Amino acid sequence: MAINLIKGQRVEIEAGLTRLKVEMGWKVNPNAQPPYDLDASTFLLGSNGQIENECDFVFYGSPNKVQALDDNGNPLYDKNGDPVMRPISVDKSVLGSIDDLGDDDDNTGEGNEEIEVDLTRTSPHVKEILFTASIYWSQSDANDPRLAPRMKYNFGQVRDAYIQIKNAVNGEVICRYDLDEDFSTDKGVEFGRLYRRDSEWKFQAVGEAHKDGLEPICRKYASKFM
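Visitor: Explain the pairing of strand β3 (residues 19-28) here, please?
Guide: Two faces belong to every sheet, and in a regular strand the side chains alternate between them. The element β3 is extensively covered by neighbouring structure, given that seven of its 10 residues are classed as buried. Judged from the eight bridges that link them, β3 and strand β11 (residues 158-167) form a sheet pairing that is antiparallel. The residue bridging glutamate 23 from the neighbouring strand is glutamine 164, located in β11.

Visitor: Where do I start with the pattern of salt bridges in this structure?
Guide: When the charged atoms of two side chains lie near each other, side chains of opposite charge can form a pair. Inspection of every chain in the model, using the stated rule, returns 12 salt bridges. For arginine 121, the salt bridge goes to aspartate 118, with nearest N and O atoms at 3.8 Å. The class for aspartate 118 is buried, based on a relative accessible area of 19%. Here the salt bridges do not stand alone but share partners, grouping Lys21, Glu23, Glu114 and Lys166 into one network.

Visitor: Just to check I follow, could you spell out the nonpolar core for this structure?
Guide: The nonpolar side chains of soluble globular proteins are, as a tendency, buried together. One finds Val117, Ile129 and Phe191 to be the most contacted residues of the largest nonpolar core, which totals 41 residues. For this core, the element with the highest residue contribution is β3, accounting for five residues. With near-sequence residues (within four places) excluded, valine 117 lies in contact with Thr18, Arg19, Leu20, Val22, Ser93, Val94, Ile129, Phe131 and Leu194. Judged by nonpolar contacts, the second largest core, of 11 residues, contains Phe57, Phe59, Cys218 and Ala222.

Visitor: I'm lost on the sheet that holds strand β13 (residues 188-197) in this one. Help?
Guide: An order of β2-β14-β13-β10-β4-β5 is seen for the six strands of this open sheet, with the pairing classed as antiparallel. The open sheet has two edge strands, β2 (10-12) and β5 (57-58), and neither has a second partner. Bridge count for strand β10 (residues 128-135) against β13 is seven bridges, and the pairing is antiparallel. Residue glutamate 128 lies in a different strand from β13, and its bridge partner there is tyrosine 195. The sheet strands contacting helix α1 (residues 214-221) are β4 (38-45), β5, β10, β13 and β14 (200-210), and the helix crosses β4 at an angle near 5 degrees.

What counts, and at which threshold
Residues numbered from 1 in each chain as written. Predicted model: local features only at pLDDT ≥ 70, side-chain atom pairs only at ≥ 80, totals over all residues. Heavy atoms only, no water. Buried < 20%, exposed > 50% of the residue type's maximum accessible area, 1.4 Å probe, protein only. Helix = DSSP H or I, 4+ residues; strand = E, 2+ residues; numbered from the N terminus. Pairing = 2+ DSSP bridges. Salt bridge = Lys/Arg side-chain N within 4 Å of Asp/Glu carboxyl O. Core = buried A, V, L, I, M, F, W, Y, C linked by side-chain atoms within 4.5 Å. Contact = heavy atoms within 4.5 Å. Axes fitted to C-alpha atoms, helices over the stretch in contact; angles between N-to-C directions.

This is how it looks when you write it as structure tokens:
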């Protein structure tokens, strides 16, 4: 039975369970003009609380990518016939979500991104794997009257946000955290983290928000690359 967590609560990952799927989901207003999207990002942190390699910030813009595969192990291609690529960490332990593939830009407003984690591949220097989501926006939006309203969007326009950890082998949900806090002035949120103590891994529900989205999260965990 899945464990429902509250903010700050921790749960142990069962010994021997090494292949995980981290699912992050939410609902946005499908009728918003202009439309908006949320992006999932992952940070692999060392003992100093920082990423040690730029590609240990696993997100849609990562230069380190591999071709995505379907459930049967076959390569995925988009509607134009181009390979669908997924960001991947340097140690190949974290395979990032597929950006904009069945995401928030459909007509339901429901977003869902899955990150695959293989703890057997995690580099010894990685002590924590942090999962975040942020509302996409750009400073250039201010110069486009059509896109300018997007700069004001925040998690007040996001409903039913959650993160859950699943057994990647059988799909069983191990634990789930529903973010029910009021983040009405924030554009980025740290959802949860996997962290290691000696040989054991645990998951903690975090729920820490950031007003300006992804940038302050990067300043916090990837400062030497900014």
